[in-house]
Amino acid sequence: MVLRLRAAMSAAVACMYLSLNSALAEEATPGPESKGDATSDTDGTDELPPMPAQEEDRARAMLACRRALWKKWSGGPEEIGALVNQTLEDSRTESNNFIPTLNYTEASRLLAERQLAACSREVTMADLEADKGGSLSEAAVDRLTGGLASGFNLTQEDREIFEKASRSEHVNSEAPSIA
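Here's what I pulled together on the structure shown here. (Residues numbered from 1 in each chain as written. Predicted model: local features only at pLDDT ≥ 70, side-chain atom pairs only at ≥ 80, totals over all residues. Heavy atoms only, no water.)

For the rest of this paragraph, the subject is the state of the cysteines. Two cysteines form a disulfide when their sulfur atoms are joined by a covalent bond. In this structure the tally under the stated criterion is 1 disulfide. One disulfide in the model links Cys65 with Cys119; its S-S distance is 2.1 Å. Disulfide Cys65 to Cys119: torsion about the S-S bond roughly -85°, handedness left-handed. Taken together, the positions of Cys65 in helix α2 (residues 58–75) and Cys119 in helix α4 (residues 104–122) put the pair 54 residues apart, joining distant regions of the chain. By relative accessible area, which is 0% here, Cys65 ends up buried. (Disulfide = S-S within 2.5 Å. Helix = DSSP H or I, 4+ residues; strand = E, 2+ residues; numbered from the N terminus. Buried < 20%, exposed > 50% of the residue type's maximum accessible area, 1.4 Å probe, protein only.)

Turning to the environment of Val84, a few remarks are in order. Counting through the fold element by element, Val84 comes out in helix α3 (residues 77–90). For Val84, a relative accessible area of 1% corresponds to the buried category. For Val84 and Leu110, which are 26 residues apart along the polypeptide, the C-alpha to C-alpha distance reads 8.8 Å. Once you skip the residues sitting within four places of it in the chain, Val84 turns out to touch Trp73, Tyr104, Ala107, Ser108 and Leu111. (Contact = heavy atoms within 4.5 Å.)

With that settled, consider the side chain of Arg114. Locating Arg114 in the fold gives a position in helix α4. Within the buried set, Arg114 has no salt-bridge partner at all; the shortest N-O distance to an opposite charge, 5.5 Å, is to Asp90. Residues in contact with Arg114, not counting those within four places in the same chain, are Leu148, Ala149, Ser150, Phe152 and Asn153. (Lys, Arg positive; Asp, Glu negative; His and termini not counted. Salt bridge = Lys/Arg side-chain N within 4 Å of Asp/Glu carboxyl O.)

Right, let's get into the nonpolar core. Counting 17 residues, the largest nonpolar core has Cys65, Leu116, Val123, Leu128, Leu136, Leu144 and Leu154 as its most contacted members. Take this core: its biggest share by element is 6 residues, from α2. Ignoring anything within four residues of it in the chain, the contact list for Val123 reads Pro52, Ala53, Ala61, Cys65, Leu128 and Leu144. Within the second largest apolar cluster, 6 residues are counted, among which are Leu83, Val84, Leu88 and Leu111. (Core = buried A, V, L, I, M, F, W, Y, C linked by side-chain atoms within 4.5 Å.)

Within the secondary structure layout, Gly151 lies in the loop between α6 (138–145) and α7 (156–174). When its relative accessible area of 71% is taken as the criterion, Gly151 is described as exposed. Sequence separation between Gly151 and Ala118 is 33 residues, and the spatial gap between their C-alpha atoms is 8.8 Å.

What follows is about helix α5 (residues 125–132). Looking only at α5, the buried set comprises Met125, Asp127, Leu128 and Asp131. Buried residues of α5 fall within an arc of 160° about the axis and therefore sit on the same side. The inward-facing, buried residues of α5 abut α2, α4 and α6. Positive backbone phi, approximately 160°, marks Gly134, located one or two places after α5. (Arc of directions from axis to C-beta.)

Right under this line is the structure:
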């Protein structure tokens, strides 16, 4: 008798919990009578999409991406190792008897270049301001440098901008200040 009572109480509590959760979910879901659309936030203003970095900010974007890559690659060796291994696996083709066409170093470099290219196209003005003020958040670093970045490649122009920006940053940081 006691076991049946406990089972009935457990079932009742579970039903109550589920009904409470469904009631809360219904309250959180906007109904047909709600006037706001999906892009409205809680104060009634429309949330604007992030503004991409402008053409004149490409050098700053490349430097911010370099710092994001440095942060990502130095903080998560297991994740990066898995991505490099996947890049190696992707280099296998039937024409070369499924032997990787890249070694580990080449796969690492290819992955880093692809992630830099992807980041430079995804970076926003908000990311540049955050980088200028200190460093990017973990979420921004993951958004900008996450994944294999397949299909992205650095163009010759991107390489030149990156090298010029890196040299400029190095010269500016190594120069003595006169106060």
